[in-house]
Amino acid sequence: MKKHSEDRPSGGPAPAAAAPAPAGEEEVVSREIETLKDQMLRLQADFDNYRKRALRDRQDQAARAAEDLLRELLPVADHFEMGLKTAREHGADPSVVDGFQLVCDQLQAVLRKAGLEPIPAEGQPFNPDLHEAVSHLPSDTAPSDTVIRQTRAGYRLGGKLLRAAQVVVSRGPAAGPEPEAE
């Protein structure tokens, strides 16, 4: 049996070395390679943008969920504080008041840990972006447009207003009796 070359069919002529492609074909192949490289780079950029957008969407969704939960917890904290204040005013058992105070402090610590920041109100100039005026009262001690009492705490979450503080605002000194005209 005759031994044949592995690539060559039996009895056929020996294959010629790969002939160089004509100059026009090289140019076409080169353009096609450049087109494919450009497409690959665009796909990489699109995928990178998609990945960043998906991460940002997940972060936004988590922030909205936390914001919604904190909005639901704020009235609970308000009522807890009002109940604690009422218990103190009506002489409830000191050990019960102390126990509720510990729980109230713990709740406030959890809210702060979640990023909730109280908005200062009493003694501050009235700011309609942070405060909601529920009443205007005359005051001999506070200048006009100054918060004299807070009726409900306001909070920020991550620098964003979550809930405005409800406040009583000073109108300034009470107007005295008007002088009679002569």
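What this report covers is the structure whose coordinates are included nearby. Just so it is clear, the structure is predicted and the values come from calculations on it, not from any experiment.

## Here's the deal with the overall build of the chain
If you tally the helices and strands in the chain, you get 2 helices and 6 strands. Expressed as a percentage of the 182 residues in the chain, the buried residues total 19%. For the chain, restricting intrachain contacts to residue pairs at least 6 apart in sequence, the fraction spanning at least 24 positions comes to 60%.

## Details of the layout of surface pockets
As a volume, the largest pocket reaches approximately 310 Å³. Taken together, Asp 78, Glu 81, Met 82, Lys 85, Arg 149, Gln 150, Thr 151, Arg 152 and Ala 153 form the lining of the largest pocket.

## Notes on the side chain of Arg 163
On the secondary structure map, Arg 163 appears in strand β5 (residues 160-163). Given the relative accessible area of 12%, Arg 163 is considered buried. Reaching out from Arg 163, the side chain makes a polar contact with the side chain of Asp 78 at a distance of 2.7 Å. If sequence neighbours within four positions are ignored, Arg 163 has contacts with Leu 74, Pro 75, Asp 78, Ile 119, Arg 152, Ala 153, Gly 154 and Tyr 155.

## Some words on the packing of aromatic side chains
The final tally for this structure, using the stated rule, is 2 aromatic pairs. With a centroid separation of 6.5 Å and 35° between ring planes, the pair formed by Phe 47 and Tyr 50 is classed as tilted. One end of the pair, Phe 47, and the other, Tyr 50, are both in helix α1 (residues 23-89), 3 residues apart, so they sit about a helical turn from each other. Note on Phe 47: relative accessible area 53%, which makes it exposed.

## Some remarks on unusual backbone geometry
With a phi close to 65°, Asp 145 is a non-glycine residue in the positive phi region. With respect to the helices, strands and loops of the structure, Asp 145 is situated in the loop between β2 (131-138) and β3 (147-152). Note on Asp 145: relative accessible area 46%, which makes it partly exposed.

## A look at the pattern of salt bridges
On inspection of all chains with the given rule, the structure shows 8 salt bridges. Put simply, Glu 27 and Arg 31 hold a salt bridge, and the shortest N to O gap is 4.0 Å. Taken together, the positions of Glu 27 and Arg 31, both in helix α1 and 4 residues apart, correspond to about one turn of that helix. With its nearest N and O atoms 2.2 Å apart, the salt bridge here joins Asp 48 to Arg 51.

## Concerning the sheet that holds strand β4 (residues 155-157)
Spatially, the 3 strands line up as an open sheet ordered β1-β4-β5, and their pairing is antiparallel. With one partner strand each, in any of the chains shown, β1 (116-118) and β5 form the two edges of the open sheet. Taking each pair of neighbouring strands and ignoring which way they run, the sheet shows an average axis angle of 40°. Where β1 lies against β4, 3 bridges are found, and the strand directions are antiparallel. Each residue of the ladder has a partner; that of Glu 117, found in β4, is Arg 156.

## A closer look at the sheet that holds strand β6 (residues 165-172)
One open sheet accounts for 3 strands, arranged β2-β6-β3; its pairing is mixed. The open sheet has two edge strands with one neighbour each: β2 and β3. Averaged over all pairs of adjacent strands, the angle between their axes in this sheet comes to 30°, without regard to strand direction. Where β3 meets β6, 4 bridges bridge the pair, whose relative direction is antiparallel. Paired with Arg 149 across the two strands is Val 168, which belongs to β6.

## Topic: the pairing of β5
Relative to β5, β4 runs antiparallel, the two being bridged by 3 bridges. Its bridge partner lying in β5, Tyr 155 is registered against Arg 163. Linkage of β4 to β5, two consecutive antiparallel strands, is achieved through a turn of 2 residues, within which Gly 158 is found at a positive phi near 60°.

The rules behind these values
Residues numbered from 1 in each chain as written. Predicted model: local features only at pLDDT ≥ 70, side-chain atom pairs only at ≥ 80, totals over all residues. Heavy atoms only, no water. Helix = DSSP H or I, 4+ residues; strand = E, 2+ residues; numbered from the N terminus. Buried < 20%, exposed > 50% of the residue type's maximum accessible area, 1.4 Å probe, protein only. Contact = heavy atoms within 4.5 Å. 1 Å grid on protein atoms, 1.4 Å probe; cavity = no way out; pocket = protein on both sides within 12 Å on 5 of 7 lines; lining within 4 Å. Points joined across faces, edges and corners; volume = space filled by probe spheres on them. Polar contact = N/O pair within 3.5 Å; in protein donor to acceptor, adjacent residues only side chain to side chain. Phe/Tyr/Trp six-rings, centres within 6.5 Å; stacked < 30°, edge-to-face > 60°. Salt bridge = Lys/Arg side-chain N within 4 Å of Asp/Glu carboxyl O. Pairing = 2+ DSSP bridges. Axes fitted to C-alpha atoms, helices over the stretch in contact; angles between N-to-C directions.

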